[in-house]
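Overview (structure and organization)
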Amino acid sequence: MRRTIVIGDIHGCFDELLELLEKVDLRADDLLVSVGDLVDRGPAPGDVVGLFRERPNSVVVMGNHERKHVRGIFSYAQEITRLQLGESYAETVDWMRTLPYYFENEHVRVVHAAMLPGIALADQKEEILCGSTSGERELTALFPDGYWHGHYTDAKPVVFGHHVTGREPMIRDGRIFGLDTGACHGWNLTALCVPGFTIHSVEAQADHWSIAKRQWQLPVLKTKPWRDFTWPELAQEIARFSSSSDAAARGWLEALEEWAADLRSLFPALVAAAHRVADELTTDQLRRHPAAKFLFQARNGRLDQTSLARQCSTPRRTIDLAAALGLIVPEPPG
């Protein structure tokens, strides 16, 4: 008999996924369904995505983590995944855009996070189904004293993930199955096999999210637009990460802070250079100069360190002006 095998939140835990599929004895004619959140937090999101994309008879429901990538809403986990996927990231996100927000067959309904009781799946809000921030707020307002599944009375079983239930899945009345058992946090990865409604789990090999947060901190830091932050923003971001437990990240941030200080120390030299060049060039030459705005301010006696600091409000603007005036600027940390 062809089975439907529903897998809880995988979050890039590819080795655990392979172990679980072996444990359930996945066959070619089985329908493999993911509740969503294939990516983020774990070590191998590309491999997980690849398995579901390449295997026939596979369905992936849109999770809130896929939706974040689709909508360009980035927190640390998404920044890490973008680096992990590398050149395949954009194409993978294009694939994520095609994911359905629910799955239903004769045996089960599958959503990532929730559904409102009494409303057909096709009429549900996407935000509710996938567990976006706004969807979660709406559910909290609708069910302030409990959970949506406490009000689910339909006969057809519903399967979902999103909210970690602990090391064991949540099973109620043989109709409600919460399968997020925290694989990326070092707990379990869980599957429900239908129509027998049997549960299978494997233990995670590690607390993958804790490891990823440490391993990827420096690579993620290096991708931030440091040259385009304002000086206060740059200082704030450095302070935000300066207590990192990763020595390499702390050392790089110290070098970045020193680089920013060296750039700002150029302000007096930039003012002096602007005045010197303004005195040496004709009006026509000033107009054609890449630093024309500053040079005319210098000629008219309106350029000092205070006014320069207002205009060179980012490292990039400071670097561009220094290059235009022929000054050597310090190199940022590699």
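Summary of the structure given here. Since we're looking at a predicted model, the values are computed, not measured.

1. Points about helix H12 (residues 267–280)
If you check H12, its first and last C-alpha atoms are 20 Å apart, about what 14 residues at 1.5 Å a residue would give, namely 20 Å. Turning to H12, its buried residues are Phe267, Leu270, Val271, Ala273, Ala274, Val277 and Ala278. Down the axis, H12 shows its buried residues gathered within 165° of arc, on one side only. H12 presents Asp279 and Glu280 as exposed residues on the side facing more than 90 degrees away from its buried surface.

2. Considering the environment of Glu91
By the secondary structure assignment, Glu91 is in helix H5 (residues 89–96). Reaching out from Glu91, the side chain makes a polar contact with the side chain of Arg53 at a distance of 2.7 Å.

3. Points about H5
Every buried residue belonging to H5 is among Tyr89, Thr92, Val93, Trp95 and Met96, and all of these are buried. Taken end-on, H5 shows its buried residues confined to a sector of 155°, consistent with a single buried face. Where H5 is buried, its residues contact helix H2 (45–54), strand E3 (58–60), helix H3 (64–71) and helix H4 (76–85).

4. Some remarks on the side chain of Arg3
Looking at where Arg3 falls in the secondary structure, it is placed in the segment before strand E1 (4–7). A polar contact of 2.8 Å, which involves the side chain of Arg3, links it to the backbone oxygen of Asp25. Polar side-chain contacts of Arg3 include one of 2.7 Å to the side chain of Asp30.

5. Considerations on the sheet that holds strand E8 (residues 176–178)
Judged by pairing direction, the sheet is mixed, and its 5 strands sit side by side in the order E4-E5-E6-E8-E7 without closing on themselves. Of all the strands in the sheet, just strand E4 (102–104) and strand E7 (170–172) have a single pairing partner and so form its edges. With strand direction ignored, the average angle separating the axes of adjacent strands in the sheet is 10°. In terms of strand pairing, strand E6 (residues 158–160) meets E8 through 3 bridges, oriented parallel. If you follow Val158 over to E8, its bridge partner there is Ile176.

6. With respect to the pairing of strand E9 (residues 188–194)
The buried fraction of E9 amounts to 7 of the 7 residues, a majority that puts the element mostly inside the structure. Two strands pair when backbone bridges link them, and E1 and E9 are joined in this way by 4 bridges, in the antiparallel orientation. Bridge assignment links Thr4 to a residue of E9, and that residue is Val194. Alignment of E9 against strand E10 (residues 198–203), held across 6 bridges, turns out to be antiparallel.

7. Description of the layout of surface pockets
Its boundaries defined by the atoms lining it, the largest pocket holds a volume of some 250 Å³. Around the largest pocket sit 16 residues that line it, and Gly146, Tyr147, Trp148, His149 and His163 are the ones nearest its centre. Per element, the largest residue contribution to the lining of the largest pocket is 3 residues, and it comes from helix H7 (residues 133–142). Of the residues in the lining of the largest pocket, the class split is 9 nonpolar, 6 polar and 1 charged. Estimated volume of the second largest pocket: approximately 180 Å³. Lining of the second largest pocket is provided by Asn64, Arg67, Lys68, Arg71, Ile73, Gly131, Ser132, Thr133, Ser134 and Glu136. Of all the elements in the fold, those that place two or more residues in the lining of the second largest pocket are H3 and H7. Residue classes in the lining of the second largest pocket are distributed as 1 nonpolar, 5 polar and 4 charged.

8. Observations concerning the sheet that holds strand E2 (residues 31–34)
What the 5 strands build is an open sheet, ordered E3-E2-E1-E9-E10; its pairing is mixed. Strands with a single pairing partner mark the edges of an open sheet, and in this sheet they are E3 and E10. Looking at each pair of strands side by side, their axes are set apart by 20° on average, direction ignored. Those strands touched by H2 are E2 and E3, and its axis lies near 140° from that of E2.

9. Observations concerning the pattern of salt bridges
For the structure on display, the rule yields 17 salt bridges. Between Arg109 and Asp154 there is a salt bridge, and its shortest N-O distance comes to 2.7 Å. In this pair, Arg109 is assigned in strand E5 (residues 109–111) and Asp154 in the loop between H7 and E6, connecting sequence segments 45 residues apart. With a closest N to O distance of 2.9 Å, Arg287 and Asp284 form a salt bridge. Placement of both Arg287 and Asp284 in helix H13 (residues 283–288) is noted, with a separation of 3 residues, approximately one turn of the helix. Judged by its relative accessible area of 55%, Arg287 is exposed. Linked by salt bridges that have partners in common, Glu79, Lys224, Glu237 and Arg240 make up one network.

The rules we used
Residues numbered from 1 in each chain as written. Predicted model: local features only at pLDDT ≥ 70, side-chain atom pairs only at ≥ 80, totals over all residues. Heavy atoms only, no water. Helix = DSSP H or I, 4+ residues; strand = E, 2+ residues; numbered from the N terminus. Expected span 1.5 Å × (residues − 1). Buried < 20%, exposed > 50% of the residue type's maximum accessible area, 1.4 Å probe, protein only. Arc of directions from axis to C-beta. Polar contact = N/O pair within 3.5 Å; in protein donor to acceptor, adjacent residues only side chain to side chain. Contact = heavy atoms within 4.5 Å. Pairing = 2+ DSSP bridges. Axes fitted to C-alpha atoms, helices over the stretch in contact; angles between N-to-C directions. 1 Å grid on protein atoms, 1.4 Å probe; cavity = no way out; pocket = protein on both sides within 12 Å on 5 of 7 lines; lining within 4 Å. Points joined across faces, edges and corners; volume = space filled by probe spheres on them. Nonpolar A, V, L, I, M, F, W, Y, C, P; charged D, E, K, R; others polar. Salt bridge = Lys/Arg side-chain N within 4 Å of Asp/Glu carboxyl O.

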